Amino acid sequence: MPDQPFVDLFQDTEHLSWAPTAQVRERGRRRTRQTRIAAALAAVVAVALVATGAVALASGREGAPTPVLPATGSPTPTPTPSATPTPSPTPSTRNTPGAPPSSPSTTSGSPSNGSNSPAIPAEALLRASDLPRGFRAAGSDMDGDWSFNFAASFACADTPRLSAKERAERGAVFGKPDASPVIERVRRYSLDGAKATIVWARTVTECEQRDELSSLSIVDSGFAGDGSLLIRFDAQGLISYTLFVRQGDLVAEVWLGSLTNRTEARRLAQRAADRLCAGTDAC
């Protein structure tokens, strides 16, 4: 004789109508995708709030670099063999502000215009002053933060691959209390590779959608630099924007988060294009 709990369970479920197996599986897949997207967005906002909280404690101005004192200002009263030699009275182009170096050698981290080294100079990235009021620099740690590839992986059934290989990458994060962050990634390619990157981003927006819940679309294009795109990402009603700007062999990818004003996006794109000129000979 069956146990009473099993009898009760059978009586309670005898007349229930069960959904088809395929429908149950689809509901499960949707719930999983919703959870992943919500978790990802929550992680981005959490990172922004932590970063901007630290920035809010600092001064409202961007830190100015510490000036380098000339060698003649050394406090050492008596020169020794190891001391810095006294500069010659004859002016040297090496120490003249704005003058080209006297030899062809350059530091690996500061190429003249990106032609001698793939490294990307800090001057090629956006500043907090380029963004709307309230944003502050929050470092360059982009680990785990939002990217266009991340958005495409949710919106596209099969994300098109970018064949161009990047030669260097540098990033910056900007935060504002109670707002999503602005994240910039500047990458250097060959000139053809940089052009192909803009074409690839456009192709991604034309991909087959994974489902009706997420989509990518181009809002604006061709408004800054050698090539530009403003792309809208709808993740189940959570809207964000990504900006692409190319200048020569450099491409800036800027996740604007919830900055949805097209006029502001165009202005920021022009600022990004101007900044990129510090790292390429194309301007």
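Residues numbered from 1 in each chain as written. Predicted model: local features only at pLDDT ≥ 70, side-chain atom pairs only at ≥ 80, totals over all residues. Heavy atoms only, no water.

### Notes on the confidence of the model for the chain
Phase 1: The predicted model of the chain averages 74 in pLDDT, with 58% of residues at 70 or higher.
Phase 2: A low-confidence stretch, residues 44-115 (pLDDT under 50), is modelled with 43 contacts involving residues beyond four sequence positions or located in other chains. (pLDDT = per-residue confidence, 0-100. Contact = heavy atoms within 4.5 Å.)

### A few points about the packing of aromatic side chains
Phase 1: Enumeration according to the criterion identifies 3 aromatic pairs in this entry.
Phase 2: Residues phenylalanine 148 and phenylalanine 244 carry aromatic rings whose centres are separated by 5.2 Å and whose planes lie at 90 degrees to one another, so their mutual orientation is edge-to-face. Within this pair, whereas phenylalanine 148 is found in helix α3 (residues 148-155), its partner phenylalanine 244 is found in strand β6 (residues 238-247), the two being separated by 96 residues in sequence. Considered together, phenylalanine 148 and phenylalanine 244 belong to a single accessibility category, that of buried residues. (Phe/Tyr/Trp six-rings, centres within 6.5 Å; stacked < 30°, edge-to-face > 60°. Helix = DSSP H or I, 4+ residues; strand = E, 2+ residues; numbered from the N terminus. Buried < 20%, exposed > 50% of the residue type's maximum accessible area, 1.4 Å probe, protein only.)

### Describing the nonpolar core
Phase 1: Counting residues in hydrophobic clusters, the biggest one holds 28 residues, and the most contacted among them are Phe174, Leu243 and Leu256.
Phase 2: At the level of secondary structure, the elements contributing two or more residues to this core comprise β2 (168-175), β3 (182-188), β6, β7 (250-257) and α5 (262-276).
Phase 3: When residues of this core are assigned to their parent elements, the largest contribution, 6 residues, is made by α5.
Phase 4: For phenylalanine 174, the contacting residues outside a window of four places in its chain are Leu126, Arg127, Ala128, Leu131, Phe135, Arg136, Ala137, Ala138, Pro181 and Val182.
Phase 5: Grouped together as the second largest cluster of nonpolar side chains are 26 residues, Trp146, Ile198, Phe233 and Ala235 included. (Core = buried A, V, L, I, M, F, W, Y, C linked by side-chain atoms within 4.5 Å.)

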